[in-house]
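Observations on the three-dimensional arrangement
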Amino acid sequence: MKNLISILAVLMITFSASAQEKQTVKETVKKDAQAVGNTAKKGANATKKGVQQGAKWTEKTAKKGADATKKGVKQGANWTEKTAKKGAKAVEKTYQDVKTDIKK
């Protein structure tokens, strides 16, 4: 009888330990939901960081573009001024030549 009681006690302890180790469906769903929530938070933080870095890069690139445009416009204005002066001198010379030819 002692053997039978000992065997039953061992079986009972084994079953109760096994039952405690198994998670209920509710606990499993809760843990899965927490894992999904944590992953979503990590993804949101990574996206936020990526967007911030993208904004900084865009700002730097826009500043470089603005500086380059400013420099280009300034160079274009200088070129236009020089070209206009050359054109004006050429017109003046032609005018003087024509004036001289008329006097002859």
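A brief look at the structure comes next. (Residues numbered from 1 in each chain as written. Predicted model: local features only at pLDDT ≥ 70, side-chain atom pairs only at ≥ 80, totals over all residues. Heavy atoms only, no water.)

**Description of the overall build of the protein**
On a plain count of helices and strands, the protein comes out with 2 helices and 0 strands. Burial analysis of the protein (104 residues in total) assigns 0% to the buried set. Looking at the protein as shown, the accessible area adds up to about 9,900 Å², and 64% of this sits on carbon and sulfur atoms. (Helix = DSSP H or I, 4+ residues; strand = E, 2+ residues; numbered from the N terminus. Buried < 20%, exposed > 50% of the residue type's maximum accessible area, 1.4 Å probe, protein only. Areas by Shrake-Rupley, 256 points an atom, 1.4 Å probe, with all protein chains shown as cover.)

**Comments concerning the pattern of salt bridges**
If charged atoms from side chains of opposite charge come close, those side chains can pair. Applying the stated criterion across every chain yields a total of 2 salt bridges. Of the charged contacts in the structure, one is a salt bridge between Glu59 and Lys63, with a shortest N-O distance of 3.4 Å. With Glu59 and Lys63 both in helix H2 (residues 25-103), this residue pair falls 4 residues apart, about one helical turn. You can call Lys63 exposed: its relative accessible area is 52%. Measuring nitrogen to oxygen at the nearest pair gives 3.4 Å for the salt bridge that ties Lys85 to Glu81. Of the two residues, Lys85 and Glu81 are both situated in helix H2; the distance of 4 residues between them amounts to about one turn of the helix. Take Glu81: its relative accessible area is 43%, and that puts it in the partly exposed class. (Salt bridge = Lys/Arg side-chain N within 4 Å of Asp/Glu carboxyl O.)

None of the figures reported here should be taken as evidence of function without further support.
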